[in-house]
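# What the coordinates show
Each chain, written out:
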Amino acid sequence: MNRTLSTTIAIGAFAALAICPLCKTPANASPAAQVATLRVEPAAPRTVRLHIAGMTCGGCVFGTKKVLAKLDGVTAAKVSYEKAEAVVTYDDEKVTVEQMIAAVATLGYKASVADPASATPSIR
Ligand SMILES: [Cu+2]
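Notes on the structure in this doc start here. All residue numbers here refer to positions counted from 1 along the written sequence of the relevant chain. Predicted model: local features are reported for residues with pLDDT of at least 70 only, side-chain atom pairs are reported and counted for 80 or more only, and whole-chain, interface and lining totals are derived from all residues.

### Notes on the pairing of strand β1 (residues 46-53)
- Relative to strand β3 (residues 85-90), β1 runs antiparallel, the two sharing six bridges. Its bridge partner being in β3, L50 is matched across the sheet by A86.
- Should DSSP find at least two bridges between two strands, the strands are taken to pair. Working definition: helices are DSSP H or I runs of at least four residues, strands are E runs of at least two. Numbering for both runs from the N terminus. Direction of pairing for β1 relative to strand β4 (residues 110-113): antiparallel, over a ladder of four bridges. Within β4, the residue paired with I52 across the bridge is A111.

Laid out in structure tokens, this is it:
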């Protein structure tokens, strides 16, 4: 009984020390965790808050959301008619804020960055 317990502790300690010297990933990490570490610098999703002038109804919100979501690299677009803004989550390796503004302009609305400081990596 007592012997079995100490054996278990020894195995646990060994597993914790078995860390790959290259990637610092514990050798017993799940395959998914190992794949994640292969990407040297994972693209952090960014979020930008755009002020959108010209939206006059819920249909405008729908259209704006649609053109933003259609852009490759945009993963989420929350458009608010009340606030006259769009909060867009995107991958900055695939799409730029300028492209979003241009896409919104095709509908006749004028988008501008509401908060430049918001165009930073999303903390969430
Ligand atoms: Cu409208």
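### Section: the pairing of β3
- In terms of strand pairing, strand β2 (residues 74-80) meets β3 through six bridges, oriented antiparallel. Each residue of the ladder has a partner; that of K78, found in β3, is V87.
- Where β2 folds back on β3, the antiparallel hairpin that results is connected by four residues, among which A84 adopts a positive phi of roughly 55 degrees.

### Some thoughts on helix α4 (residues 97-105)
- To sort residues by burial, count the other C-beta atoms lying within 10 Å of each one's C-beta; a count of 20 or more means buried, 12 or fewer means exposed, and anything in between means partly exposed. C-beta atoms are built from the backbone. All buried positions along α4 are accounted for by M100, A103 and V104. Down the axis, α4 shows its buried residues gathered within 95 degrees of arc, on one side only.
- Whether two residues are in contact is decided by their C-beta atoms, placed from the backbone, lying within 7 Å. Buried residues along α4 sit in contact with β1, α3 (58-70), β3 and β4. Within this analysis, the arc is defined by the directions that extend from the helix axis to the C-beta atoms.

### Re the environment of T75
- Positionally, T75 belongs in strand β2.
- Taking the number of C-beta atoms within 10 Å as the measure of exposure, T75 has 15 and is therefore partly exposed.
- Sequence-wise, T75 and T89 are 14 residues apart; in three dimensions their C-alpha atoms are separated by 5.6 Å.
- Setting aside its immediate chain neighbours within four residues, T75 contacts P45, T89, Y90 and D91.

### Topic: unusual backbone geometry
- With phi around 55 degrees, A84 is a residue other than glycine that occupies positive phi space.
- Take A84: it is sitting in the loop between β2 and β3.
- For A84, a count of 18 C-beta atoms within 10 Å translates into the label partly exposed.

### A closer look at the nonpolar core
- Each nonpolar core reported here comprises buried Ala, Val, Leu, Ile, Met, Phe, Trp, Tyr and Cys residues connected via C-beta atoms within 7 Å. L50, I52, A86, V88 and M100 are the most contacted members of the largest nonpolar core, which totals 15 residues.
- Looking at this core, the elements that each hand over two or more residues are β1, β2, β3 and α4.
- Aside from chain neighbours lying at most four places away, what touches V88 is T47, V48, L50, L68, V74, A77 and M100.

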